[in-house]
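Report on the structure
Residues per chain, in single letters:
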Amino acid sequence: LAGMAGLQRIGDKLIPAKFSYSVPPEAISQHRIPGTSEHKASFRSDLTASTSVDIWGFGYLGVQVLTGKPIVPWDVTKEIEFDHSSLMDIMHWNDFNLETVRQDLMNVAVPQPLIQLIVGCLHPDPSQRPSAHDLLENVAWREIRSTNKSNSPGSSNRG
């Protein structure tokens, strides 16, 4: 059923075309262009589907939805696999990039627990990203629900 729906099961070989722009760092490798000193980035062929890839995708989506911009500037005139500069930016994703994301989210008044969650999802080391369970049980969701309840039309917090 998953195959018919175009989904990938955990442990199956990951199909890079499924990424679109939410490609995680571990899915990219660097190769020297033969006969030159230049390097290019490409998708790894030995990566398997895992929840950490999905968690990265959630973080990527969160940043884009909340800030209105991607985590790296993609060249939309190129197919993703030919945008070597942006792929290299993702491949070399680090703490500086996480701090930039944190700042971007703060600039649009995202609540701190949600910032921490999204930044955690974008950790360069897949083993350091939250699990799916941790993602779903995160305090950020309770805080958002309580904020929504206190701002709802029927609440007693009227100004």
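Residues numbered from 1 in each chain as written. Predicted model: local features only at pLDDT ≥ 70, side-chain atom pairs only at ≥ 80, totals over all residues. Heavy atoms only, no water.

1. Points about the pairing of strand 2 (residues 39–43)
Rules: When DSSP locates at least two bridges between a pair of strands, those strands are taken to pair. Every helix listed is a DSSP run of H or I at least four residues long, and every strand listed is a run of E at least two residues long, numbered separately from the N terminus.
Two strands pair when backbone bridges link them, and strand 1 (residues 28–32) and strand 2 are joined in this way by five bridges, in the antiparallel orientation. Paired with H31 across the strands is K40, a residue of strand 2. Between strand 1 and strand 2, which follow one another and run antiparallel, lie six residues, and G35 among them has a positive phi close to 80°.

2. Looking at the nonpolar core
Soluble globular proteins tend to bury their nonpolar side chains together. Put simply, the test is: The set of buried Ala, Val, Leu, Ile, Met, Phe, Trp, Tyr and Cys residues whose side-chain atoms join them within 4.5 Å is what this entry labels a nonpolar core. In this scheme, a residue with accessible area under 20% of its type's maximum is buried, one over 50% is exposed, and one in between is partly exposed, where area comes from a 1.4 Å probe on protein chains only. When checking whether two residues touch, look at their non-hydrogen atoms; a contact exists if any pair is within 4.5 Å.
Counting residues in hydrophobic clusters, the biggest one holds 32 residues, and the most contacted among them are V23, I71 and L122. Put simply, the parts of the chain that give this core at least two residues each are strand 2, helix 1 (51–67), helix 2 (84–91), helix 3 (95–107) and helix 4 (112–121). It is helix 4 that provides the largest number of residues to this core, a total of six residues. Residues within four places of I71 in sequence aside, it is in contact with W56, Y60, V63, I90, W93, V101 and L122.

3. Re the environment of M106
On the secondary structure map, M106 appears in helix 3. Put simply, M106 and T67 are 39 residues apart on the chain and 9.5 Å apart in space, counted from C-alpha to C-alpha.

4. Comments concerning helix 1
Formally: To estimate how far a helix should reach, multiply one less than its number of residues by 1.5 Å.
Between its first and last C-alpha, helix 1 extends 24 Å over 17 residues, near the 24 Å set by a 1.5 Å rise per residue. For helix 1, the complete set of buried residues consists of S52, V53, I55, W56, G57, G59, Y60, G62, V63 and T67. Contacts made by the buried residues of helix 1 are with helix 2, helix 3, helix 4 and helix 5 (132–136). Two residues or fewer after helix 1 comes G68, characterised by a positive phi angle close to 80°.

5. Examining the confidence of the model for the protein chain
Note the threshold: Confidence scores labelled pLDDT are given residue by residue by the predictor and lie between 0 and 100.
For the protein chain, mean pLDDT is 82; residues scoring 70 or higher make up 80% of the total. For the protein chain, the element scoring lowest by mean pLDDT is helix 6 (residues 139–150), at 74; helix 3 scores highest, at 97. The model gives residues 1–5 a pLDDT under 50, and that stretch makes two contacts with residues more than four places away or in other chains.

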